[in-house]
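# Architecture and fold: a report
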Amino acid sequence: GDERARHLVGYLRGEVLTPLPDDLRRVLRRTAILDAFRADLAVAVTGEPDAADLLARAEREQLFVVPLDVRGDWFRFHHLFAEVLRDDLARTEPDLVPQLHTRAAQWLAAYDQPVAAVRHALAGDDPELTVALVARHAPVLTRIGQVETALGWFRTLGDDVCRADPRLAAARALTGAHTGRPHEIVSWAAAAEQALDAPAPGRPQLTPGETTAARIEIAMLRWAAAIFAGEFAASRRHVDEALRLFPAGAGAPSGFMLLALGVSRFRTGEADASWATLVEAESVAEDRGEPLAVVAARGLRALQAAVGGRLEEAARLAAGAATVAEQNGLVEHFNTATLRAAQGWVALHTGRQRKAVDLFRRALELVQRGGLRVEVAEVLTALAMAEERLG
């Protein structure tokens with residue numbers, strides 16, 4: 001228990017760490033801020049050109065260095081030894097700690113490890129880097145269902161920092177869209193627009209490209225707020241605005257923008273145009289790794305097919321959407337309500353009333369979680385029909 005751990009820590013400090021040569025001890029303690037490390041990362045963080053050789057020596061001498069992969073690239077320290085090393089760092093080089101975290105953040109961001117990069121940036125000494133990393137990666141995490149991680153970043157940064165940067169405010173609004181909190185979409189989108197129109201003194205200037213991207217994001221957020229409120233004509237105006245702002249020559253808009261257009265077309269009665277747009281949205285979203293957009297677009301096509309009496313096609317599309325949701329941890333996202341409603345209609349039209357009731361109840365639970373007013377009414381109506389048939 002605790003007593004044994006305390007003895008072990010004392011042993012590691014006195015018998016293992018203290019006798020080490022200064023250069024090896026320095027590299028070990030500076031590397032100990034990392035949960036996992038490899039040679040080039042350790043060189044970048046410690047600022048010691050021979051860090052790789054020293055760590056290889058530590059491994060050879062079995063200094064509580066644990067390999068993490070078969071190729072022998074990645075390692076970590078035994079957790080108690082890491083604790084001892086971090087204590088040593090805090091005692092001998094406390095002023096260096098934030099700088100070590102910033103170096104780690106820069107390296108991890110460059111090597112496409114955004115979650116680890118942001119964690120170190122938040123502990124580092126470069127606020128601009130932290131804001132840039134959170135602004136870039138929070139929307140990506142939010143859209144793949146990792147909303148809690150993004151919200152944790154925002155909490156650490158604080159509301160004032162988020163309000164002062166339009167990219168952060170827009171990213172914060174997006175988490176509202178994905179957690180079914182429409183009022184947060186509206187308030188944070190307004191904060192983003194204000195930060196763009198009246199920049200806070202001392203805030204880094206956005207490039208024209210970043211400004212345009214922020215305006216597109218704000219238009220998309222207003223689209224989402226309109227959809228939540230059931231204001232479908234307004235939603236169409238906002239998505240049209242986003243597409244108008246989209247730079248010529250920048251390739252296709254994202255799967256989410258095309259999905260938004262498809263949803264608005266569906267809601268304003270353009271069934272054929274909606275279907276074609278959703279097919280395109282699905283294709284782009286698959287290419288770009290946007291599984292939530294795939295689920296939403298395919299689910300809405302399934303619903304259109306079911307309501308139109310094309311039951312086999314509806315069942316196939318809904319099953320495909322459900323598979324993508326399962327593979328990407330999105331089964332509980334409120335956007336899966338549509339595919340469940342489609343399956344409910346298929347069950348109802350094929351005489352399986354009990355199954356239909358269960359599916360419509362599941363759709364209702366999901367759609368209420370999302371706070372989608374019109375959709376709640378639609379699912380309740382379908383559920384009432386299914387229950388009536390059950391008697």
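Each remark here, short or long, concerns the structure printed above.
This is a predicted model, so every value here is computed, not measured.

## Things to note about the overall build of the chain
Tallying secondary structure elements over the chain gives 21 helices and two strands in all. Taken along the three principal axes of its C-alpha coordinates, the chain extends 80 × 50 × 35 Å. For the chain, restricting intrachain contacts to residue pairs at least 6 apart in sequence, the fraction spanning at least 24 positions comes to 60%. As displayed, the chain has an accessible area near 18,300 Å², and 52% of this comes from carbon and sulfur atoms.

## Some thoughts on the environment of Val 295
Relative to the elements of secondary structure, Val 295 occurs in helix α17 (residues 291-307). Filtering out sequence-adjacent residues up to four positions away, Val 295 remains in contact with Ala 321, Val 324, Ala 325, Leu 330, Thr 336 and Leu 339.

## Topic: the pattern of salt bridges
Across all of its chains, the model carries 32 salt bridges by this definition. Residue Arg 244 pairs with Glu 241 through a salt bridge whose shortest N-O separation is 3.0 Å. With a gap of three residues between them, Arg 244 and Glu 241 both fall in helix α14 (residues 232-245), about one helical turn apart. Relative accessible area serves as the criterion here: at 31%, Glu 241 is assigned to the partly exposed category. In this structure, Arg 265 engages Glu 270 in a salt bridge whose closest nitrogen and oxygen atoms are separated by 4.0 Å. Its relative accessible area of 30% is what places Glu 270 among the partly exposed residues. Residues participating in the shared-partner salt-bridge network are Arg 25, Arg 26, Arg 29, Arg 30, Glu 48, Asp 88, Arg 91 and Glu 93.

## Some words on the packing of aromatic side chains
If you walk through the whole model with that rule in mind, you get seven aromatic pairs. The interplanar angle of 70 degrees and the centroid separation of 6.2 Å between the aromatic rings of Trp 74 and Trp 107 together place this pair among those described as edge-to-face. Of this pair, Trp 74 sits in the loop between β1 (65-67) and β2 (75-77) while Trp 107 sits in helix α6 (residues 97-110), and the two are 33 residues apart along the sequence. Exposure class is identical for Trp 74 and Trp 107. Each is buried. When the ring of Phe 228 is compared with that of Phe 334, the centres are 5.9 Å apart and the planes differ by 65 degrees; the resulting orientation is edge-to-face.

## A look at helix α3 (residues 39-46)
When we look at burial in α3, the residues that qualify are Leu 41, Ala 42, Val 45 and Thr 46. End-on view of α3: buried residues confined to an arc of 115 degrees, all on one side of the axis. Taken from the residues just after α3, Gly 47 is the one with a positive phi, measuring 75 degrees.

Here is what the cut-offs are and how they apply
Residues numbered from 1 in each chain as written. Predicted model: local features only at pLDDT ≥ 70, side-chain atom pairs only at ≥ 80, totals over all residues. Heavy atoms only, no water. Helix = DSSP H or I, 4+ residues; strand = E, 2+ residues; numbered from the N terminus. Contact = heavy atoms within 4.5 Å. Areas by Shrake-Rupley, 256 points an atom, 1.4 Å probe, with all protein chains shown as cover. Salt bridge = Lys/Arg side-chain N within 4 Å of Asp/Glu carboxyl O. Buried < 20%, exposed > 50% of the residue type's maximum accessible area, 1.4 Å probe, protein only. Phe/Tyr/Trp six-rings, centres within 6.5 Å; stacked < 30°, edge-to-face > 60°. Arc of directions from axis to C-beta.

Nothing here speaks to function; it is geometry throughout.
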